[in-house]
Amino acid sequence: MPPFPMRLLLLLGASLALSGCFNPFACSPMGCAKAVDGRARLQPIIDAVVAYGDAQGAYPDSVAQLVPAFLVALPDTPDWVARSGQSEWWYYERSGDGATFSVGFAYGGPGMNHCGWTSDRGDWRCSGHY
């Protein structure tokens, strides 16, 4: 049997691994395949909203206003729908004055996670229980 300090370290390491905090088999919300896929799916929408805002002086009330001038069509993703109560969804929100907007999505597996992008920050941030 290992000496007490070593047993303590082994127990701590096992606890962290089981919790997912230091689990080499778990991935961060930014790096999981679903997060990478979600960011790729929303990038055309972000680009179109920015182009619309540049042309109109404010961001659109909804993504439907982007079609067809700024976006050929909304993404056809029956398995990934706008806030329908499903475990995986996406959203677009505009500030009241139209000066900023955000997009984001949620996905499950592992855990439940959320990734969001805002125009004032200009980058993705993800968090969750992975």
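Above this note sits the structure.
Residues numbered from 1 in each chain as written. Predicted model: local features only at pLDDT ≥ 70, side-chain atom pairs only at ≥ 80, totals over all residues. Heavy atoms only, no water.

Visitor: Requested: an account of the overall build of the protein, with residues and values cited.
Guide: On a plain count of helices and strands, the protein comes out with two helices and five strands. Ordered by position in the sequence, the α and β elements of the protein form the string α-α-β-β-β-β-β. Taken across its 130 residues, the protein has 31% of its residues classed as buried. For the protein, the share of sequence-separated contacts (at least 6 apart) that also reach a separation of at least 24 residues comes to 39%. Per element, the accessible surface of the protein, about 7,800 Å² overall, is 61% carbon and sulfur. (Helix = DSSP H or I, 4+ residues; strand = E, 2+ residues; numbered from the N terminus. Buried < 20%, exposed > 50% of the residue type's maximum accessible area, 1.4 Å probe, protein only. Contact = heavy atoms within 4.5 Å. Areas by Shrake-Rupley, 256 points an atom, 1.4 Å probe, with all protein chains shown as cover.)

Visitor: Got a sec to walk through the nonpolar core? Specific residues and values, please.
Guide: Membership of the largest hydrophobic core comes to 22 residues, with the highest contact counts inside it found for Ile 45, Tyr 92, Phe 101, Val 103 and Trp 124. Within the residue set of this core, elements represented by two or more residues are helix H2 (33-56), strand S2 (89-94), strand S3 (101-108), strand S4 (112-118) and strand S5 (124-128). Broken down by element, the residue count for this core peaks at seven residues, all from H2. (Core = buried A, V, L, I, M, F, W, Y, C linked by side-chain atoms within 4.5 Å.)

Visitor: Please set out the pattern of salt bridges residue by residue, giving values where relevant.
Guide: Tallying each qualifying case throughout the model produces four salt bridges. One salt bridge in this structure joins Arg 94 and Asp 61, with 3.1 Å as the shortest N-O distance. One end of the pair, Arg 94, is in strand S2; the other, Asp 61, is in the loop between H2 and strand S1 (81-82), and 33 residues separate them in sequence. Three or more residues joined by partner-sharing salt bridges are found here, namely Arg 121, Asp 123 and Arg 125. (Salt bridge = Lys/Arg side-chain N within 4 Å of Asp/Glu carboxyl O.)

Visitor: Before we move on, could you go through the state of the cysteines and cite the residues and values that matter?
Guide: If you walk through the whole model with that rule in mind, you get one disulfide. The side chain of Cys 115 participates in a disulfide bridge whose partner is Cys 126; the two sulfur atoms lie 2.0 Å from each other. Linking Cys 115 and Cys 126, the disulfide has an S-S dihedral of approximately 115° and is accordingly described as right-handed. Of this pair, Cys 115 sits in strand S4 while Cys 126 is found in strand S5, placing the two residues 11 residues apart along the sequence. (Disulfide = S-S within 2.5 Å.)

Visitor: Explain the side chain of Ser 102 to me, and be specific about the residues and the numbers.
Guide: Its place among the elements puts Ser 102 in strand S3. In contact with Ser 102, not counting residues within four places along its chain, are Tyr 91, Tyr 92, Glu 93, Trp 117 and Thr 118.

Visitor: Any chance you could break down the pairing of S4 for me, citing the residues and the numbers?
Guide: With respect to burial, S4 is a largely interior element, five of its seven residues being buried. Where S3 meets S4, seven bridges bridge the pair, whose relative direction is antiparallel. Looking at S4, one finds that Gly 108 is bridged to Met 112. Sheet topology places S4 next to S5; five bridges connect them, and they run antiparallel. Opposite Asn 113, over in S5, you have Gly 128 as the bridge partner. (Pairing = 2+ DSSP bridges.)

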